[in-house]
Amino acid sequence: MTLANEDLLPVAPERRTWNWWHIASLWIGMAICIPTYTLASGLIDQGWTWQAAVGAVILGNVVVLVPIALNSHAGTRYGIPFPVLARASFGVLGANIPALLRGLVACGWFGIQTWIGGWAIYKLIGVIWPGIATLPQILPAFVGLNTGEFLCFMLFWAMNVWIVLRGMDSIKFLETWGSPFLLAVGVALFVWAAVRAGGLGPMLANPGGQAVGRSGGLTRVFGAGLTSAVAFWGTMALSIPDFSRYARSQRDQVVGQAVGLPATMALFAFIGAAVTNATLVIFGSRIADPVALLARIGGPLMIMLSMAGLIVATLTTNIAANIVAPANGFSNLAPDRISFKQGAMITAVIGILMMPWRLYNNAAAYIFTWLIGYGALLGPVAGIMIADYFVVRRGGLVVNDLYKRHGVYEYWRGFNWLAIGALALGVVPSLPGFVTALRGVPARGVFGTIYNWAWFVGFLISALIYIIGMRVGAGSRERGPQGHGAVGATL
């Protein structure tokens, strides 16, 4: 069985051309998107103050920058993608477990972002041709979309697929040139809201009765809100080696991410929160969905420009954050049969089948079930990978053995059951809260508190169990290439 193909092999030094601005542009392009806006606006729609909503997002992104930068290190040092790096801790075959978990979450995100882009196209065409809303119905009622909405969804889906099939250079170009335009669109929307609301005072005033959090005060703010903000990029905290392996140096990847992520998320989350607050003054009710808001601003030219901006914003995020990682993950399942492009198509098809419009249209389900729920799943994976690379192996990997059976990372028939067990034990404490959230009821009590901090709880539990287990279960110490030490444990 082969464990390598052209897409999974280390990136050659001459192809590592991304400088800090390319990395920063990647994050700016990903962070300026509708879900960033709705992460804060959705919290306000749930009854939070704008200060609490934006504060949770800012703190969450400063926190998640740490595991992102740590997981990036191996990608930049060795030129390897996330599924290959996961082989060091989970085994050469066991790595398929975290890769698939990450991939399936990304499929959900791909579907959500594609629905948002398709919805923007639908609104844009509706300005020019209102008849799109009355096309003959061709879909069964259970799908929940009219014909025009579905056709626009598929049109945006095709745009994503076309760009990603052209390769990583097309993605790099899109992210670099799209970012400044996206910032301008966000600032313009903020200025419009401030003028229409009568200034920053009315715009940023919290209506009477609005509390720090929906319930539970500060605990809920720095629990569910912070976990949602961290989990928002919890996917990229795992798969960031897919991009950092193209960086010229560790300095480029660290500076680029520090410049591009927290500040951009803070700015766009603030715009989302402030504009949503202003809609209560302007329209008499909160409008958390920016697509619906832009459709009400008025004027065909304004709507067309706004929707074009939303389409570009969604496209840059979707391709970088939600196609590259699962494409590599699916390719890792059978490298000799599934290429990166075939993995991308698998992702795109699953994104349709998940009917993402049903999830995204419910703000409470989106934040308190979707974001926290998958955070509980991926936090433990991040804890294990970071603990393995920095604590157990101290940055040393035997790269050749990551691509072959019966090497340092074989463990037991290709699986490191200690890592798999640590993953399971990290997820278990959050399950009662997740089940409660699925019923549409806020998780309370001890299990509610654990669930509100799911990403952090899972990260710490799994990391500690893994470190203790690897040191007790031990293994032999090998010498990697260029003198880098690497630990290979046989359990």
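Residues numbered from 1 in each chain as written. Predicted model: local features only at pLDDT ≥ 70, side-chain atom pairs only at ≥ 80, totals over all residues. Heavy atoms only, no water.

Novice: Explain the overall build of the chain here, please?
Specialist: Helix and strand counts for the chain stand at 23 helices and two strands. A buried classification covers 60% of the 491 residues belonging to the chain. In the chain, the proportion of contacts linking residues at least 24 apart, taken out of those at least 6 apart, comes to 83%. Here the chain has roughly 17,900 Å² of accessible surface; of this, 69% comes from carbon and sulfur atoms. (Helix = DSSP H or I, 4+ residues; strand = E, 2+ residues; numbered from the N terminus. Buried < 20%, exposed > 50% of the residue type's maximum accessible area, 1.4 Å probe, protein only. Contact = heavy atoms within 4.5 Å. Areas by Shrake-Rupley, 256 points an atom, 1.4 Å probe, with all protein chains shown as cover.)

Novice: Even after reading the chapter, I still don't get a nonpolar patch on the surface, so can you show me in this structure?
Specialist: On the surface, a nonpolar cluster with roughly 270 Å² of combined accessible area is contributed by Trp20, Trp21 and Val259. Of note, Trp21 is situated in helix H1 (residues 20–31). (Patch = residues over 30% accessible without salt bridge, like charges linked within 9 Å, V, L, I, M, F, W, Y side chains within 5 Å. Salt bridge = Lys/Arg side-chain N within 4 Å of Asp/Glu carboxyl O.)

Novice: In this structure, what is going on with the nonpolar core? I would like to understand it.
Specialist: Across soluble globular proteins, you tend to see nonpolar side chains buried next to one another. Of all hydrophobic cores here, the largest spans 147 residues; its most connected members are Trp27, Met203, Trp233, Leu397, Tyr409 and Tyr466. If near-sequence neighbours (up to four positions away) are discounted, Trp27 is found in contact with Ile68, Trp233, Met236, Ile240, Gln257, Gly260 and Leu261. Counting residues in hydrophobic clusters, the runner-up holds five residues, among them Ile372, Ala437, Tyr451 and Ala454. (Core = buried A, V, L, I, M, F, W, Y, C linked by side-chain atoms within 4.5 Å.)

Novice: Please clarify how helix H22 (residues 445–452) should be interpreted in this entry.
Specialist: Since the α-helix packs 3.6 residues into each turn, any two residues three or four apart lie on the same face. Residues of H22 that are buried: Gly448, Tyr451 and Asn452. Buried residues in H22, looked at end-on, bunch into an arc of 100°, giving them a common side. (Arc of directions from axis to C-beta.)

Novice: What's the story with the packing of aromatic side chains in this structure? I'm lost.
Specialist: The geometry of an aromatic ring pair comes down to the distance between the two centres and the angle between the two planes. Tallying each qualifying case throughout the model produces 18 aromatic pairs. Considering the side-chain rings of Trp115 and Trp357, the 5.9 Å spacing of their centres and the 55° angle between planes classify their relative orientation as tilted. With Trp115 in helix H5 (residues 96–128) and Trp357 in helix H18 (residues 357–360), this residue pair connects regions lying 242 residues apart in the sequence. Look at Trp115 and you get buried, because its relative accessible area is 5%. With relative accessibility at 4%, the residue Trp357 sits in the buried group. Members of the aromatic cluster, each reached through a chain of ring pairs, are Trp115, Trp119, Tyr122, Phe153 and Trp357. (Phe/Tyr/Trp six-rings, centres within 6.5 Å; stacked < 30°, edge-to-face > 60°.)

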